[in-house]
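# Breakdown of the fold
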Amino acid sequence: MDNPGFCSWREVSCSDGRPHQVLALNLSQSSLTGTVSPSLSGLTNLLHLDLSSNRLTGSIPPNLSNRSSLLSLLLFSNQLSGPIPAQLGSLTNLRVMRIGDNDLAGSISPTFASSLLTGPIPCQLGRLTLLENLILQQNGLEGPIPPDLGNCSSLVVFTAAVNRLNGSIPPELGNLKNLQLMNLANNTLSGEIPRQLGESTQLVYLNFIPRNICSNTATLEHLFLPDNQISGEIPEDLGLCGSLKQLNLANNSINGSKPTQLFKLSYLTDLLLNNNSLVGSISPSIANLSNLQTLALYQNHLRGNLPREIGMLGKLEILYIYDNQLALFSRQNDLSGEIPPTLGNCHQLTILDLADNSLTEGIPATFGFLEVLEELMLYNNSLEGNLPDKLVNVANLTRVNLSNNKLNGSIAPLCSSHSFLSFDVTNNAFDGPIPRELGLSPSLQRLRLGNNHFTGTIPGTLGGIHQLSLVDLSGNSVTGSVPAELSFCKKLTHIDLNNNFLSGPIPSWLGSLANLGELKLSFNLFSGPLPRELFKCYNLLVVSLDNNILNGTLPLEVGNLASLNVLNLNQNQFYGAVPPTIGNLSKLYELRLSRNRFNGEIPIELGELRNLQSVLDLSYNNLSGEIPPSIGTLSKLEALDLSHNQLVGGIPLQVGSMSSLGKLNVSYNNLGGKLEKEFSRWPVETFMGNVRLCGGPLSHCNEDESSHLLGKINTIPYLPD
């Protein structure tokens, strides 16, 4: 080059002598576009070429192979396409080749970011005997791994993960005696893993299990094999991997019991065997894993008691054993027996999850020593008794779930944290007042206290939880009114206060909760009319206000709740007409207005509720007039109850033709006329109490008595748009 000024550029490194020769070109993260220029081959003394992390497109120029002096070639994180040139096998001095992380196509997830290098891995790369790093991951490469790569005797790192490689792993890779890291995850490789790979003496990271994996090496520290299709038992040879620190075999199909040799791996910090089909019990020898920080055994088939020796794991921070059949620490297993008090010795525990088991007895008082605990998950067991007072020392909790147990007494010892994100003790026998301290966690999002024996009033401090989205206090004995302070919880989407002794009016401030989706106030003592502000909650999906002493009319504004799926006003004292605007609720699935004092005619607009499916219940009111034939157009409706009203005329033939209808009750009205054959499938009880009805399952009709009652009931009236 005639102009030596380029050697002063930050991206360029030159030789000291004259004429200046370019030795290194580093244009990484330079926002380059276009293609990789073939003219780069003119840099005859180039040692290092880094064009990574740009937006380069097109193919890799084969003539880059002319630069036999090249030591490193970095083209990763671009948008390159096409095959890897076989000519790159001529770069015999190359130490590092990194051309992965390019755009992905086809069925490969686009989130992996950047190019579509396709075709096979060239066998010519096996000529690169000085190559130390070969990184081809996250492309669209396909075909088998060439056995020739076993000739890359200097290779330390080889990763071809997230491609479309197939076939078996060539045994020749066992010749790579300097190999420390191999990652072939997320391909479609098959066949047996060659035993020769277990003879690699320098391996530190591996993401599959060869036989005799540590027979000749003690250096392997990290073995990661999650989310594969590995089956069979855990090989006993793993016990020879004395330097192993992390073992992750999660989300596979591994079966059998855990080999006792695993408990010899005293350097293990992380043991993840979750989501497999392991059987047997947890051995007391687990105490040998004295450096263990994370233990995940959930969703297996483990049984038996949790050994007290687990309390000797003084460095344990995270314990997941849920969903087993043990007696202590495993969700969705079937563990049984009591929780060992020795767990309180694991002072570094931040996550303790023993949910979904069959654990009994109480929560050990020693849990009060777990002062750094952040998550306590004991739900779906058979725990009983009071909460230990010493739990007040566990003040850093963010998530608590003790639901579906038999615990009782006060929850106050559990409420000293100000950092709660979720708190769930539903379906127990807790009693006493709801602790006001729960309102001191401003980030609490979900508060579930349902189906207990709590008494007293709802503490106003809950209004300070500005992140609260769900509150469930249902199934208790809470009294008083709903505190106005809850109006400050603007993120509320679900309010469930069913089955208490709450009283007073329905709060008008509910209309300010723009995100409210479910309002459940059933089986209380609420009184007064519905506040019109409520009908400004346009995102409401469920409104359940049944079994109160509410009164007044149902406002026309009910038609504004266009998203509503369920409206239940049963067993109140509402009166007046059923508003025709209810026909605007096109997403309504369930409508219950039974046992009120509604009067007037059934609005024909109910025929617009084409998604009504579960039930239409207007029973036990003072409705009059005829049954509108439009009801017969509700093609999804499964239950229709119009009983105990003052309806007259005949039953529209369209109702008898509703194929989806599994329950029909029109009893105790003033209906008359002849029932056609379409009504014969219903029992007599469906029509009883209508003395002028005949035919169908009832007695035969006298033609003179029935003909004048039929009228024009089979004509569907025009419904305006």
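Let me sum up the structure you'll find in this document. Computed from a predicted model, the values in this text were never measured in an experiment.

For the rest of this paragraph, the subject is the overall build of the protein. Within the protein, the secondary structure is distributed over two helices and 55 strands. Evaluated residue by residue, the protein yields a buried proportion of 52% over its 721 residues. Look at the contacts in the protein between residues 6 or more apart in sequence, and 48% of them connect residues 24 or more apart. Accessible surface, the protein: about 29,500 Å² in total, of which carbon and sulfur atoms supply 48%.

One open sheet accounts for ten strands, arranged 38-40-42-44-46-48-50-52-54-55; its pairing is parallel. Sheet topology places strand 38 (479-480) and strand 55 (692-695) at the edges, where each strand pairs with a single neighbour. Of the strand pairs in this sheet, strand 44 (residues 549-552) and strand 46 (residues 573-577) are connected by two bridges, and their pairing is parallel. Across the sheet, N551 pairs through a bridge with Q573, a residue of strand 46.

Turning to the packing of aromatic side chains, a few remarks are in order. The final tally for this structure, using the stated rule, is three aromatic pairs. When the ring of F420 is compared with that of F423, the centres are 5.1 Å apart and the planes differ by 80 degrees; the resulting orientation is edge-to-face. Both residues of the pair, F420 and F423, belong to the buried class. Judged by centre distance (6.2 Å) and plane angle (85 degrees), the ring pair of F679 and F687 falls under edge-to-face. Using a relative accessible area of 1% as the deciding quantity, one classes F679 as buried. Cation over ring: R98 sits above F76, and NZ or CZ is 3.7 Å from the ring centre. Against the face of Y620 rests R595, its NZ or CZ located 3.8 Å from the ring centre.

Here we come to the pattern of salt bridges. A full pass over the atoms with the stated rule returns three salt bridges. A salt bridge links E557 to R532; the shortest N-O distance between them is 2.6 Å. Of the two residues, E557 sits in the loop between strand 44 and strand 45 (566-568) while R532 sits in the loop between strand 42 (525-528) and strand 43 (542-544), which places them 25 residues apart along the sequence. Residue classification places R532 among the partly exposed positions, given a relative accessible area of 48%.

With that out of the way, let us pick up the sheet that holds strand 32 (residues 406-409). With parallel pairing, the four strands of this open sheet are ordered in space as 30-32-34-36. Looking at strand neighbours, the two that pair on one side only are strand 30 (384-386) and strand 36 (453-455), the edges of this open sheet. Mean inter-strand twist for the sheet, computed between neighbouring axes without regard to direction, equals 15 degrees. Across two bridges, the pairing between strand 32 and strand 34 (residues 429-433) is parallel. Across the sheet, residue N408 finds its bridge partner in strand 34, namely A429.

Turning to the environment of N305, a few remarks are in order. Relative to the helices and strands, N305 resides in the loop between strand 23 (301-304) and strand 24 (318-320). In this structure, the C-alpha to C-alpha distance between N305 and L359, residues 54 residues apart in sequence, is 8.7 Å.

We now examine the pairing of strand 32. Side chains L407 and G409 of strand 32 all project onto a buried face; the interleaved residues K406 and N408 project onto a face where none is buried. Sheet analysis places strand 30 next to strand 32, joined by three bridges and oriented parallel. If you follow G385 over to strand 32, its bridge partner there is L407.

This next bit is on a nonpolar patch on the surface. The grouping of Y668, V684 and M688 at the surface amounts to a nonpolar patch, some 260 Å² of accessible area in total. For M688, the location among the structural elements is in the loop between strand 54 (670-675) and strand 55. With relative accessibility at 36%, the residue M688 sits in the partly exposed group.

Thresholds, definitions, all that
Residues numbered from 1 in each chain as written. Predicted model: local features only at pLDDT ≥ 70, side-chain atom pairs only at ≥ 80, totals over all residues. Heavy atoms only, no water. Helix = DSSP H or I, 4+ residues; strand = E, 2+ residues; numbered from the N terminus. Buried < 20%, exposed > 50% of the residue type's maximum accessible area, 1.4 Å probe, protein only. Contact = heavy atoms within 4.5 Å. Areas by Shrake-Rupley, 256 points an atom, 1.4 Å probe, with all protein chains shown as cover. Pairing = 2+ DSSP bridges. Phe/Tyr/Trp six-rings, centres within 6.5 Å; stacked < 30°, edge-to-face > 60°. Lys NZ or Arg CZ within 6 Å of the ring centre and 35° of its normal. Salt bridge = Lys/Arg side-chain N within 4 Å of Asp/Glu carboxyl O. Axes fitted to C-alpha atoms, helices over the stretch in contact; angles between N-to-C directions. Patch = residues over 30% accessible without salt bridge, like charges linked within 9 Å, V, L, I, M, F, W, Y side chains within 5 Å.

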